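So you can see what is in the structure, the chains are spelled out below.
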Amino acid sequence: IPVEDFDLVIFGATGDLARRKILPGLYRRFLAGQMPPEARVIGAARSDLTDQRFRDDVRAAIDEFDAKADRSQLDAFLDQLHYVAIDAKGTGGWDSLRDMMRPGVVRAFYFSVAPSLFGDLAQRLSEYDIADQNSRIVVEKPFGRDLESARALNATLAEHFDEGQIYRIDHYLGKETVQNLMAVRFANILFEPLWNAQHVDHVQITVAETVGVGGRGGYYDQSGAMRDMVQNHLMQLLCLTAMEPPYHFDPNAVRDEKLKVIRALEPVAEDEIVRGQYQADGDQPGYVEDSENPESRTESYVALKVRISNWRWQGTPFYLRTGKKMRARTSEIVITFKEPPHSIFDDSGTQRANQLVIKLQPDEGMDLTVMIKEPGPGGMRLMQVPLDMSFADTFGPAGVDMPDAYERLIMDVIRGNQTLFMRGDEVEAAWAWADPIIAAWDGSKARPEPYDAGSSGPEEALRLMHRDNRRWREIR
Ligand code: BG6
C-alpha cells in the first residue's frame, strides 16, 4: 500500500549512513510499491553535485550495499531523486531548497549528519520557512553523549519543532523481531501470566557483533560500547521486554510504559558491570590498532546486571551484554523461566527450566524449550526439545518480504507514526541511568578487561553470571 505523497530531504545524503542504509532502503520500498510515483527524495549535502551526479552516486551505493536488489526499476526510482548543495551553517542553498518543496505533501527532513549540526539545520528550516506544521524531522543517534548534552539537544530542537514532529531513530526498534516481541507478549494469553518475577528466573539480552571498530575509531573511541549500544539499543530491548502492557498500541502509550521501566532501573553496582576491550588474536588486529589509539581505555564490550525496581520484576535480574569482534553475530533475548516447584519424576540433574529465545539476528525467529518424555521404551526419561518458530521456515525464505529496520522506520515517518521512535524524556532518562556508570569509569584508572578478538568476551563476564549460579547462553 503506497504511503501518501511526500518530499523527503536527506541532509548528509552523500554520507555513509545514507549510502549504506537510507537510500538503498528507499529503493526497496519503491520496489515494494510503497513509494508513490510523485514522491521525491531530495539529497542535501555540502558538495556541489548535479541531480545526475547524485543519481549516479546512489546507483553506485545500491550496487555496493544492496547487491541482491532487483535492478529493473532502478532508473524509475532514480528519476524521483534530486539534489541541492547546502551550507548547514550558512545561507547557501536554503532558498533553492525552499523553492523545491511542494505544497500540500508530507515534508520530512532526515538529519543524517553530525549532532553538532542538528541545531543549525532546525533553525534554518524554520527561518527559511521550509518546515511547516505538518513537517517531521528525523534525528540519528548518538542523541547526546550524556544527560546534559541530550537535554541541550532536546531544548534546541524544541525551539523549532513540537515533540510530535521529532522522530529520534533507534534502528533496533525497526527490527522485525523487536516488534514481534510486543505481538508475542500482548496478543497471546500464554506468556503474559508468566512474565514476571514469580515465574521468570532471569533475562539475558545479548547483542554480539563480529565487526570491529576499524574505520570509525574517531567516533567510537570517544563513545565506547556503553554509549554506542547500551544506552540506546540494549535499553530499548530491555524496555520492550520488561514494560507493562500499554493500554493501546499507540505511540505515547507505548513510550509511557518504556519510560517507566527506565525510571525504575536501579543504579548498577561497580562489581556488577564488566568492561572489555578486544586484543589482537592471530591475524586479527586488536582494539588499540583499530582505533589507532595505543593508550585507549575505551570499552568495546560491556556486560552488566540490571535490576528493575518494580512489582513485576523485583528479584529477577536482567543481564545485558554487547561486544565487537565476538565469535559470532548474534542478537537475542532469552527469558529463562523458573523450574517447576516440585518434580514428580526421577530427573535430578536434568536442566528443566523452560527458555524462550527471541532471536533478532542473523536468523529471526523464536524458540521455546519444553520438557517432554524421551521417545521410546526407556521409561520415563525426560528431555528438552525446542518448539522452533524460525521465520524462514514458517514463511519461506522468499515468502516474506522482511524490510530492513531503516526502511520500515522511514515509512513510519511518512505515515506520521511515532510508536517506534524515542521520545525526548525517554532518551534523557536513559542517559540519567548511564551517566553515573560512565562517570565512575572515567574517574578510575582501571583498564578494560582484555578479550581475544573472535572470542565470547572477557572471563570476568562469565564470573558475573557464575556467582549467581547462572550462565550465559553460548554465542554461536
Ligand atoms: C549502531 C552502532 O547504532 O548499531 C554500531 O553505532 C553497531 O556500532 C550497529 O555496529 C549495529 O547494528 P545492527 O543492525 O548491525 O545490529
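Criteria and cut-off values
- Residues numbered from 1 in each chain as written.
- Predicted model: local features only at pLDDT ≥ 70, side-chain atom pairs only at ≥ 80, totals over all residues.
- Heavy atoms only, no water.
- Patch = residues over 30% accessible without salt bridge, like charges linked within 9 Å, V, L, I, M, F, W, Y side chains within 5 Å.
- Areas by Shrake-Rupley, 256 points an atom, 1.4 Å probe, with all protein chains shown as cover.
- Salt bridge = Lys/Arg side-chain N within 4 Å of Asp/Glu carboxyl O.
- Buried < 20%, exposed > 50% of the residue type's maximum accessible area, 1.4 Å probe, protein only.
- UniProt positions renumbered as here; feature names shortened; annotations may be inferred.
- 1 Å grid on protein atoms, 1.4 Å probe; cavity = no way out; pocket = protein on both sides within 12 Å on 5 of 7 lines; lining within 4 Å.
- Helix = DSSP H or I, 4+ residues; strand = E, 2+ residues; numbered from the N terminus.
- Contact = heavy atoms within 4.5 Å.
- Core = buried A, V, L, I, M, F, W, Y, C linked by side-chain atoms within 4.5 Å.
- Pairing = 2+ DSSP bridges.
- Axes fitted to C-alpha atoms, helices over the stretch in contact; angles between N-to-C directions.

Re a nonpolar patch on the surface
A surface patch of nonpolar side chains, about 320 Å² in accessible area, is lined by I344, F345 and M380. The class for I344 is exposed, based on a relative accessible area of 69%.

Looking at the UniProt feature "binding site: NADP(+)" (unreviewed entry) in the chain
According to UniProt, the feature "binding site: NADP(+)" (unreviewed entry) maps to G12, A13, T14, G15, D16, L17, A18, R19, R46 and K141 in the numbering used here. Taken from the residues named earlier, the lining of the largest cavity is made up of K141. Take L17: it is sitting in helix α1 (residues 16-31). Apart from residues lying up to four places away in sequence, L17 is in contact with I22, Y110, S112, E140 and Y406. Position of A18 relative to the elements: it lies in helix α1. We classify A18 as buried; its relative accessible area is 0%. Filtering out sequence-adjacent residues up to four positions away, A18 remains in contact with I10, G12, A13, L23, P24 and S112.

Quick look at the nonpolar core
In this structure, F11, F77, F111 and W433 are the most contacted members of the largest nonpolar core, which totals 144 residues. When residues of this core are assigned to their parent elements, the largest contribution, 12 residues, is made by helix α8 (residues 217-242).

Examining the sheet that holds strand β7 (residues 200-208)
Ordered by their spatial adjacency, nine strands build an open sheet running β14-β13-β12-β11-β7-β10-β9-β8-β15, and the pairing between neighbours is mixed. The open sheet has two edge strands, β14 (382-390) and β15 (449-452), and neither has a second partner. Averaged over all pairs of adjacent strands, the angle between strand axes in this sheet comes to 20°, irrespective of strand direction. As paired strands, strand β8 (residues 273-279) and strand β9 (residues 301-306) are joined by four bridges and run antiparallel to one another. Bridge pairing in β9 links I273 to L304.

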